[in-house]
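If you want the building blocks of each chain, they are given just below.
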Amino acid sequence: MKVFIAIALFALWLVLSASFNPAHVVLGAIVALIVAWINPIGTPYTRRFLWLRALGYAPWLFGRVVKSGLHVSRLILYPALPIKPELIQHKTKLRSEGELVVLGNSITLTPGTITVEVAPGELIVHAIDASAQQDLISGVLDEKVSRLFSAWEGDQ
Amino acid sequence: MSSFFVFVLVTLTMLMLVYLYRVIRGPSVFDRVLGLNGISTKAIVLLVLLGTMFERVDMFVDISTGYALLNLVGALAIAKFLEERGTSEK
Amino acid sequence: MTALAVFLIVVGLFFLVVGSIGMMRLPDVFSRAHALSLTDSLGAVFVLAGLAVYEGFTLNFLRIIVVLLLVYLMNPAISHATLRAAYRSGLRPSAKEEK
């Protein structure tokens with residue numbers, strides 16, 4: 001796992017520095033190795049993030065973002081401004097920090113809903129009108145986010 | 001193509017003026033913070049666009065990466081500060 | 001390739017303009033944050049993607065994609081932090097104001 005992180009960091013270094021003379025490349029490799037070696041990987045009581053499934057999740061989320069973006073821009077452009085903003089409490093089964101971060105970020109990224117407050121098992125979400133809340137209430141988002149993580153580790 | 005880029009550039013600048021109005025007028029402190037955040041997003045796009053126009057994207061992309069990171073740290077710090085202090089302005 | 005780039009940039013500009021209009025029209029902080037998330041997560045991303053496509057598939061393409069991902073992942077964090085500060089300091093969303 002640390003090797004994977006080191007490789008990813010090194011690739012990022014190459015992309016950002018964009019110079020391939022030996023001194024820079026070697027320096028980048030050394031820095032990537034040191035950073036990957038120093039940093040700990042999670043605590044025993046976390047669920048691991050599955051990167052390959054995230055590759056499938058991101059395009060799905062982007063499709064949702066475009067769809068609700070069109071909806072919200074129609075609301076804004078409509079002369080009568082037919083918005084009905086309200087705060088809703090969203091109960092969720094997700095507990096671990098990683099899941100809550102991904103869920104909250106996805107909610108905020110989607111136009112029409114914004115996470116206001118986060119606590120384990122409960123989110124306060126500001127929704128701009130009733131149809132923007134559909135994904136949340138039907139629990140599709142929870143389901144998808146939950147599937148991004150492996151089963152609980154270190155529980156025994 | 002270059003005239004199209006100039007058009008996009010001018011439009012983005014006009015939009016930044018709209019956000020600037022919100023920063024100056026905004027009833028609460030948080031409106032101002034949100035307005036500034038919008039302006040910096042547009043500035044990031046603007047920098048990459050300028051780089052494309054001058055055909056020096058390699059240089060301008062670095063600047064906009066730095067700008068994005070500074071924007072993140074600055075906005076989070078301001079939000080944290082306002083949260084601690086509360087606000088007297090409503 | 002250029003046509004695709006122009007199309008993406010125009011779509012992005014549309015969302016940016018709509019976001020700005022929303023910033024002017026919507027009544028309170030919480031609703032305005034919706035306009036902001038519209039501009040950030042759609043407008044900026046589409047314009048940057050258009051510029052990346054115009055640049056062609058070189059190293060610069062990847063670097064613009066890095067900036068795009070930065071914008072895409074960090075703006076939710078910023079608007080959430082701002083709104084949480086607003087919420088904790090006692091602001092509540094108002095009902096739609098009649099002008």
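In this text the structure is predicted, and so the values were computed from the model without any measurement.

**Student:** What's the story with the overall build of chain B in this structure? I'm lost.
**Tutor:** Assigned secondary structure in chain B consists of three helices and zero strands. From first element to last, N terminus to C terminus, chain B shows the α and β order α-α-α. Its C-alpha atoms give chain B a radius of gyration of 16 Å, clearly above 12 Å, the size a compact globule of 90 residues would have. Across its three principal directions, the C-alpha atoms of chain B cover 50 × 25 × 10 Å. Contacts spanning at least 24 positions in sequence make up 57% of the contacts within chain B whose residues lie at least 6 apart. Entry remark: accessible area of chain B is about 4400 Å², with carbon and sulfur atoms responsible for 71%. Positive and negative side-chain charges of chain B, numbering 8 and 7 respectively, have mean locations separated by a distance of 11 Å.

**Student:** Is there a simple way to think about the domain arrangement of chain A in this case?
**Tutor:** Many descriptions give the size of an interface as the accessible area lost when the pieces come together. For chain A, the assigned domains read domain 1 (2-38) and domain 2 (51-147). A C-alpha centroid distance of 35 Å is found between domain 1 of chain A and domain 2 of chain A.

**Student:** Explain the side chain of Thr110(A) here, please?
**Tutor:** All names here are of chain A. Among the secondary structure elements, Thr 110 is positioned in the loop between α4 (97-109) and β2 (113-119). At a separation of 2.8 Å, a polar atom in the side chain of Thr 110 contacts the main-chain carbonyl oxygen of Ser 106. Not counting residues within four places of it along the chain, the set of residues in contact with Thr 110 comprises Leu 61, Arg 64, Val 65 and Ser 68.

**Student:** It is not clear to me how the layout of surface pockets should be interpreted in this structure. Could you clarify?
**Tutor:** Roughly 380 Å³ of internal volume is contained in the second largest pocket. Around the second largest pocket sit 19 residues that line it, and Val101(A), Val118(A), Ala77(C), His80(C) and Arg84(C) are the ones nearest its centre. Elements that contribute at least two residues to the lining of the second largest pocket include exactly α4 and β2 of chain A, α3 (57-85) of chain B together with α3 (59-88) of chain C. Counting residues per element, the lining of the second largest pocket draws most heavily on α4(A), at six residues.

**Student:** Can you walk me through the interface of chain B and chain C in this structure?
**Tutor:** Residue-level contacts link 47 residues of chain B with 41 residues of chain C. With both chains or domains summed, chain B and chain C bury close to 3900 Å², and 77% of this area falls on carbon and sulfur atoms. Taken as a group, Phe30(B), Leu34(B) and Glu83(B) account for 16% of the area that chain B buries against chain C, more than any other trio of residues on that side. Asp31(B) is paired through a salt bridge with Arg32(C); the nearest N and O atoms lie 2.4 Å apart. If you look at where chain B meets chain C, you find seven residue pairs in polar contact (both at pLDDT 80 or more). Secondary structure elements with two or more residues in the side of chain B that touches chain C: α1 (2-25), α2 (29-54) and α3 of chain B. Of the residues forming the side of chain B that touches chain C, the biggest block, 16 residues, is contributed by α3(B). Taken together, the residues of the side of chain B that touches chain C sort by class into 27 nonpolar, twelve polar and eight charged.

**Student:** Which parts of the structure should I look at to understand the sheet that holds strand β3 (residues 122-127) of chain A?
**Tutor:** Residue and element names in this part refer to chain A. Pairing is antiparallel in the open sheet, where three strands are placed in the order β1-β3-β2. At either end of the open sheet lies a strand with only one pairing partner, and these are β1 (86-91) and β2. When the angles between neighbouring strand axes are averaged without regard to direction, this sheet yields 25°. Sheet contacts for α4: β2 and β3; angle to β2, the most-contacted strand, approximately 155°.

**Student:** I keep staring at helix α1 (residues 2-17) of chain A and nothing clicks. Help me out?
**Tutor:** Helical geometry: 3.6 residues make up each α-helical turn, so side chains three or four residues apart lie on a common side. The terminal C-alpha atoms of α1(A), which comprises 16 residues, lie 22 Å apart, in line with the 22 Å expected from a rise of 1.5 Å per residue. Ala18(A) occupies a position one or two residues after α1(A) and carries a positive phi of about 55°.

**Student:** Looking at this structure, I do not really get unusual backbone geometry. What am I missing?
**Tutor:** A negative phi angle is the norm for most residues apart from glycine, just as the trans form is the norm for most peptide bonds. All names here are of chain B. Despite not being glycine, Glu 55 shows a phi value in the positive range, around 55°. Within the element layout of this structure, Glu 55 appears in the loop between α2 and α3. Overall, the relative accessible area of 68% leaves Glu 55 in the exposed class.

Cut-offs applied
- Residues numbered from 1 in each chain as written.
- Chains lettered and ligands numbered in written order.
- Predicted model: local features only at pLDDT ≥ 70, side-chain atom pairs only at ≥ 80, totals over all residues.
- Heavy atoms only, no water.
- Helix = DSSP H or I, 4+ residues; strand = E, 2+ residues; numbered from the N terminus.
- Rg over C-alpha atoms; globule rule 2.2 N^0.38 Å.
- Contact = heavy atoms within 4.5 Å.
- Areas by Shrake-Rupley, 256 points an atom, 1.4 Å probe, with all protein chains shown as cover.
- Lys, Arg positive; Asp, Glu negative; His and termini not counted.
- Charge placed at Lys NZ, Arg CZ, Asp CG, Glu CD.
- Domains from an automatic or database assignment.
- Polar contact = N/O pair within 3.5 Å; in protein donor to acceptor, adjacent residues only side chain to side chain.
- 1 Å grid on protein atoms, 1.4 Å probe; cavity = no way out; pocket = protein on both sides within 12 Å on 5 of 7 lines; lining within 4 Å.
- Points joined across faces, edges and corners; volume = space filled by probe spheres on them.
- Buried area = accessible area lost by both parts, 1.4 Å probe.
- Salt bridge = Lys/Arg side-chain N within 4 Å of Asp/Glu carboxyl O.
- Nonpolar A, V, L, I, M, F, W, Y, C, P; charged D, E, K, R; others polar.
- Pairing = 2+ DSSP bridges.
- Axes fitted to C-alpha atoms, helices over the stretch in contact; angles between N-to-C directions.
- Expected span 1.5 Å × (residues − 1).
- Buried < 20%, exposed > 50% of the residue type's maximum accessible area, 1.4 Å probe, protein only.

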